[in-house]
Amino acid sequence: MDEHEQDNLSSLPLELLLYIISFLPFESTRLIPFVSTRCRSVWSQALVVAHIHNGSIEEISHALSSFIHNFNEDDPSKNTRKMELHFDKSTFVSTILGPHNVMHMNFFSNGSKNEESYCWRIEIKDQIPRRVEPSGFMVKTLCLDSVDSLTHEVVSSMVLDCSWLENLKICGCKGLTSLTIDSPTKLVHLSISDCPKMRYLNIRTPKLKTLHYQGFLPSIKIHEHFNLTNAIFNVRQGPSYYNNALDIGPLLLIIKNSQSLTLCRWIFEELIKPSISSSWTSFQFYKLHELRWIDNSMKQENINSLISFLKLCPSIERIFITIDLNTYSSKEDIIVDAEHESKHARTLKNLKLLKLEGSKREDDKNQLILAMQEMVNIDQPLLILS
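Quantities reported herein were computed from a predicted structural model and do not represent experimental measurements.

Asks: Help me understand empty space enclosed by the protein, please; the structure alone is not making it clear to me.
Replies: Using a probe with the size of a water molecule, rolled over the atoms, empty space left in the structure can be pinpointed. For the coordinates displayed, the defined rule picks out one cavity of 30 Å³ or more. Elements with a contribution of two residues or more to the lining of the largest cavity: α6 (248-255) and α7 (265-275). Tallied by class, residues from the lining of the largest cavity come to nine nonpolar, no polar and no charged.

Asks: Can you walk me through the environment of Phe 320 in this structure?
Replies: Along the chain, Phe 320 turns up in strand β16 (residues 318-323). Judged by relative accessible area, which is 12%, Phe 320 ranks as buried. It is 9.2 Å that separates the C-alpha atoms of Phe 320 and Thr 262, two residues lying 58 residues apart in sequence. Discounting residues that sit within four places of it in the chain, Phe 320 has contacts with Glu 290, Leu 291, Arg 292, Trp 293, Leu 353 and Lys 355.

Asks: Got a minute to help me understand the environment of Phe 107 in this structure?
Replies: Within the element layout of this structure, Phe 107 appears in strand β4 (residues 102-109). Through-space distance from the C-alpha of Phe 107 to that of Ser 94 is 6.5 Å; in sequence the pair is 13 residues apart. Excluding its chain neighbours within four sequence positions, the residues that come into contact with Phe 107 are Phe 87, Phe 92, Val 93, Asp 145, Ser 146, Val 147, Thr 151 and Val 155.

Asks: How should the pattern of salt bridges be read in this particular structure?
Replies: Opposite charge on two side chains lets them pair, provided their charged atoms get close. Enumeration according to the criterion identifies 15 salt bridges in this entry. A salt bridge links Arg 204 to Glu 224; the nearest nitrogen and oxygen atoms lie 2.9 Å apart. Of this pair, Arg 204 sits in strand β10 (residues 200-204) while Glu 224 sits in the loop between β12 (219-222) and β13 (230-234), and the two are 20 residues apart along the sequence. A relative accessible area of 30% means that Arg 204 is categorised as partly exposed. Here Glu 362 and Lys 365 are joined by a salt bridge, their closest N and O atoms 3.4 Å apart. Taken together, the positions of Glu 362 and Lys 365, both in helix α10 (residues 362-373) and three residues apart, correspond to about one turn of that helix.

Asks: Could you clarify how one ought to interpret the sheet that holds strand β8 (residues 176-182) in this entry?
Replies: Strand pairs in the sheet, formed through backbone hydrogen bonds, run parallel or antiparallel to each other. The sheet built from four strands is open, its strands ordered β5-β8-β10-β12 with parallel pairing. Of all strands in the sheet, those bounded by a partner on one side alone are β5 (118-123) and β12. Between one strand axis and the next, the sheet turns through 10° on average, direction left out of account.

Asks: Sorry, what's going on with a nonpolar patch on the surface here?
Replies: A surface patch of nonpolar side chains, about 480 Å² in accessible area, is lined by Leu 9, Leu 16, Tyr 19, Ile 20 and Phe 23. Following the sequence through the fold, Tyr 19 ends up in helix α1 (residues 14-21).

About the thresholds
Every chain's residues receive numbers from 1 upward, in the order its sequence appears when written. Predicted model: local features are reported for residues with pLDDT of at least 70 only, side-chain atom pairs are reported and counted for 80 or more only, and whole-chain, interface and lining totals are derived from all residues. Excluding hydrogens and water, the side-chain figures rest on all heavy atoms present in the structure. A 1.4 Å probe that fits into a set of points on a 1 Å grid over the protein atoms alone but cannot get out defines a cavity; an open set with protein on both sides within 12 Å along at least five of seven lines defines a pocket, and lining residues are those with an atom within 4 Å of a point. Grid points are joined across faces, edges and corners, and a volume is the space filled by probe spheres set on the points. Counting from the N terminus, the helices are DSSP H or I runs at least four residues long and the strands are E runs at least two residues long. In this count, Pro and Cys sit with the nonpolar residues alongside Ala, Val, Leu, Ile, Met, Phe, Trp and Tyr, while Asp, Glu, Lys and Arg are called charged and the others, Gly among them, polar. Relative accessibility decides the category of a residue: with a 1.4 Å probe and only protein chains considered, values under 20% of the type maximum give buried, values over 50% give exposed, and everything between is partly exposed. The contact criterion used is simple: two residues touch if any of their non-hydrogen atoms lie within 4.5 Å. What counts as a salt bridge is simple: a side-chain nitrogen of Lys or Arg found within 4 Å of a carboxyl oxygen of Asp or Glu. The rule for pairing is simple: two strands pair if DSSP sees at least two bridges between them. Note on geometry: axes are C-alpha line fits, over the in-contact stretch for helices, and angles between N-to-C directions span 0 to 180 degrees. What makes a patch is a set of residues exposed beyond 30% relative accessible area and free of salt bridges, joined within 9 Å when like-charged and within 5 Å when nonpolar (Val, Leu, Ile, Met, Phe, Trp, Tyr). Residue exposure ignores everything except the shown protein chains as possible cover, and the areas themselves are Shrake-Rupley values with a 1.4 Å probe.

Don't take any of this as a statement about function, it's just geometry.
Here it is in structure tokens:
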């Protein structure tokens, strides 16, 4: 457009611009703020704003459910994808209905409620929704950010309607101490991050395939067995449980058949290795193809722990090692079993890639290469990156 040419679109009245925007698909409307300063202002107003002062949980949940179930992509009066729901002067939730059946809910609070401790139970019913509309927004992925002690019951009530929910992401819940996830059949992916007070995690999701946890490792209780294909335990801060409160047995069984696994060295040393010491020769991660290993250094004893774990992974193809100096390390001295550690069997016949990240010491890479040379065949091609 000629910069001197009159911008007729931006000069239209607000009501008419909002009406035009309502006909656009979401992929196009999210680019509107980049068109002009005026369009950026218009986009911020292209949302539903509702005020429920001191409303009950039922009233707030009803407002959210109505927004979801009344959505109609083909009806300009019902295809608004953004909603702000104000609970009181200090708390409101921003809800966005995104493409591919993704719903984002961000909670904002100016008070201290978001730091108050609370326990949370999320139950996803395996049944026909309580409200069935000819149209509506089918939530398959739900992203929850900064839910607090004031708003968690609202979310629990609303989720009862999300019978198609397959992917649940929870982050930034500063006061959350205990979380229970109960989904009989539907939930496939679960992600939890940045919940620093989390002490207990209860999971009853027999169809779960992906579990991503980032933060202090809580006490995890598995109520029904399931086999993960992708397990991520980015718990470099260390444990949050006390007095050996974590029963590693059920947790070990659900990650045993994983194809991709992210693990910190301290989990192997403190939890996994002691639990399989009596069955060391028989326990294997047979299906594991990709390992992401987190450690605080590549000193020799740490490399020995890595080698010890790799002996349990005969099918491993790719290894990514991240060095973070702030990663928690085992408090107790790790005793090396001479019978199993004295020599390295050439067991990694499928290994193709080894990558070391975060270390600036050349000696770290050299020591790692020396150790790995004894684990692979002499003529085996191996790509090593750092």
